[in-house]
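Observations on chain architecture
One-letter residues, chain by chain:
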Amino acid sequence: MQSRLPRTETASRFGGVARFLGSIRLAVVLLVLIAVAAAIGGVVPQAPTTPGAETLYHSYGAFWYRVITRLAFDDVFHSPWFLALIAALALNLSLCTIRRLAASVRGLMRGASPAAGRRHEGAGIRLAIPGQGAEDVRSAIAAVLELRRFRVIRRDDALVGERRRLTRLAADVIHLGVLVVLAGALLGILRFEGMLVVHERQRGEIIAPCAFGAAALGQSSSPCLERGTFSLRVDDFGVEVHPDGLTPKSYWSDVTILEDTREVRTARISVNRPLTHRGISFYQMTYGYDSGAARVRLAVRDRTGDASVAEVDLGVGETAPIPGSSVWITLARVFASLGVGEGGEPFDRPTTTAENPAALFQLVGTDALGEEVAYHDLVFGRFPDTHLNPDVSYPIRLLEVEIPTRVGIRYVISPGYPVAWAGFAVLSLGLVGSFYLRPVWIDVRVTEDDTGRWLDVRADDGARSKRDVLGIAQQILAALGDREVSSDG
Amino acid sequence: MAEGSGLFTVAGVGYACGAFLHLLSALLRRAGLSRVATAPVAAGFVAQTAGFVLRGLALGTLPVTNTYETLVFYGWVFALGYLAMLLLGRWKAGRLRGVGGGVAAFAAATIALASSPLYSPELQPLVPALRSHWLILHVSFTLVGEGFFLVAFVASAVTLFRSGGRISQGKARSDVLERLDDLAYRAVAVGFPFFTVGGLFFGAVWAKHAWGRYWGWDPKETFMLVTWLVYVLYLHVRLRRGWRGRRTAWIAVLGFFLALFTFAGVNFLVRGLHSYS
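Criteria and cut-off values
Residues numbered from 1 in each chain as written. Chains lettered and ligands numbered in written order. Predicted model: local features only at pLDDT ≥ 70, side-chain atom pairs only at ≥ 80, totals over all residues. Contact = placed C-beta atoms within 7 Å. Helix = DSSP H or I, 4+ residues; strand = E, 2+ residues; numbered from the N terminus. Nonpolar A, V, L, I, M, F, W, Y, C, P; charged D, E, K, R; others polar. Domains from an automatic or database assignment. Axes fitted to C-alpha atoms, helices over the stretch in contact; angles between N-to-C directions. Parallel < 35°, antiparallel > 145°, perpendicular 65-115°, else oblique. Left-handed = near helix turned anticlockwise from the far one by under 90°.

**Some thoughts on the interface of chain A and chain B**
Contacts between the two partners involve 39 residues from chain A, matched on the other side by 37 residues from chain B. Of all the elements in the fold, those that place two or more residues in the side of chain A that touches chain B are α2 (24-43), β7 (248-259), β10 (280-289), β20 (405-413) and α7 (416-436) of chain A. Among the elements that make up the side of chain A that touches chain B, the one with the highest residue count is α2(A) (twelve residues). Partitioning the side of chain A that touches chain B into residue classes produces 25 nonpolar, ten polar and four charged.

Below, the structure is given as structure tokens:
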């Protein structure tokens, strides 16, 4: 049986592992790995929009298809290995921050100087000074530094002036900010979102919280608010367009919040202007024509197109007989703004107005002449004499097209967002402190050698320039009553 | 209407003149020409700023709402990076001519590309998603950061070109390389906070307001993060591991290529929520 390791050795090993896990070396490796992984995720289409396996196979070839699917490159950001990398970075950052922050705070409490290496990055000035008493010189130096709003630290061998000392913690503040952002992202697993699709006819109806389990089981036919503790009513919705009449300026919905049938809040939601109530945020997401709920009134003519056979009122999916025959006409689809795809297939363009209304009909049966009829015909609202099939048994003319609109309101419960926001704010504060408000640090000491007595003024990198340092040195010299200047620049 | 486009052309000519004078200065080995080169760049910058103000007033917001405007703004931030590093005393106009010429040439090329028939300078009405103050902050801060990254990129590219693998050959050459390295670092240090706050923070807030989520791994967001990670890497290896010269120069070059790719390339690769920019 192996003997247990002595406590100091165990502690040393543990310390070694902790140092490695919080080391800059590991941080560099993790940053590279996460950057490469994210780049892969940015290039390869990601779930849930990933194309089918066959498309992936043809796009990338057999080898890369195997690599992509086995390593989950088509869902990088949810893959266990990517999450493990993020967790490792969080651990690395936490350990590094704890170690650094502890040292920085201890240093600040003791009034220690910044890292010795940084002293020599800044400017240095050497001036000859008169032979006054040492205490007089120190008092003059301290007075000048205090006049320049430096905090003076008296050492045996030097006087140190420091400004913006708290910004020494800025790098740690940045790290803390990143950790808080990551904590916010972790809280994102509690995020919930749903979509309310409100049709024109449902304006003014109350959207109540979903009955327990009804929405999940698909038992609710009208929209309901999952996880809601209040009701919502969409009073109106619409679109505002620019003077060109085409480009949308704003999509909006006027909503009222109700608690126990009492109206507590009325607001307009629009793109970029969400509404938040009791932790649920509502976003204006979609607006458009509800072609599936369209109705048309049409005139059916005889083969010559001259005589009207019938006028029919139809909704999408509805069927009606054509009088005098056994032909049935079905309204298969309605387009608010018909477009034609690259393959010639018709599609509905997302527009703010019904620019090019059209209807697709199916006619099946036996016509008045006893001929079999089975065809589709596409009829245009603006071009009544144009047909997909020019030679048809029953030319159709659209008399009226009524296409209602609908709005999509996304609602989101996002407990991680305030945390991430706070993290970003802390991170930004740290960045400003670290890169724009670095601590200014002046080291002033009196030295003597064979050539005389010298005032050495050396500044940390935070001091703006050599000219600033020279200014301080000259001010000290003026206080001592001498202006002889030389420099070791 | 194409408000400001004339002034943008003037700016492009100014930047091109600046780049040419820097080139001439390097060829003739006359530092004076390089100092003079700053004048047309500064004049171009003033003209472009005036153009932006005019266009912004006509549009009612910062003109960064389509590819033409963002390209022009890109040129402006490049010139801003050039002038800011000069004003901050991180770079002397008579020295490091390659950097000045490179940055001015980039600014001129960007304006030229924007002015090409590929892009229309006409004002376009704003679609709802772009009508946000967060958009202005997001785009402007991010691109200002990238303006400084360009300075770092050019300084690093010159470092790689001049060092040729032997960084410490001769005192004068070594001094130049040290100054280039320092300039690259200073430029990253100035640009990084802008890039982080604009790209990540303001971008996340805008996404949250517009789409209800602050991060969605949209391809543009993802490559923005990749670019940010590369600059985080640059700062860490330089400040904490003491890397200098060619090694950090390669990272700065990679970082700027990624920034360019994020700006212009991602939309060609995959369409996402940022496909209007």
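After presenting the structure, the write-up continues.
**Side note on the domain arrangement of chain B**
A common way to report how large an interface is uses the accessible area buried once the components associate. All names here are of chain B. Its domain assignment divides chain B into domain 1 (1-126) and domain 2 (144-277). Here domain 1 and domain 2 have C-alpha centroids that lie 20 Å from each other. Of the residues lining the interface, 19 residues belong to domain 1; the matching set on domain 2 comes to 18 residues. Taken together, the elements giving at least two residues each to the side of domain 1 that touches domain 2 come down to α3 (67-87) and α4 (97-115).

**Points about the domain arrangement of chain A**
Residues and elements named next belong to chain A. Partitioning chain A into structural domains gives domain 1 (7-106), domain 2 (189-289 + 407-415) and domain 3 (292-402). Between domain 2 and domain 3, the C-alpha centre-to-centre distance is 35 Å. Among the secondary structure elements, those contributing two or more residues to the side of domain 2 that touches domain 3 are β6 (231-241) and β10. When its residues are assigned to classes, the side of domain 2 that touches domain 3 shows five nonpolar, two polar and no charged.

**Observations concerning the environment of Arg30(B)**
By secondary structure assignment, the location of Arg30(B) is in the loop between α1 (5-28) and α2 (31-59). Separated by 18 residues in sequence, Arg30(B) and Gly12(B) have C-alpha atoms that sit 24 Å apart.

**Notes on the packing of α4(B) against helix α5 (residues 133-163) of chain B**
All names here are of chain B. Viewed as axis vectors pointing N to C, α4 and α5 meet at an angle of 130 degrees, and their least axial separation amounts to 9 Å. It follows from the interaxial angle that α4 and α5 lie oblique. Taken as a pair, α4 and α5 cross one another with a handedness that is right-handed. Here Gly98, Val99, Gly102, Val103 and Phe106 of α4 come into contact with α5, specifically with Leu150, Val151, Val154, Ala155, Ala157 and Val158. Residues that form the contact of α4 with α5 fall into these classes: nine nonpolar, two polar and no charged.

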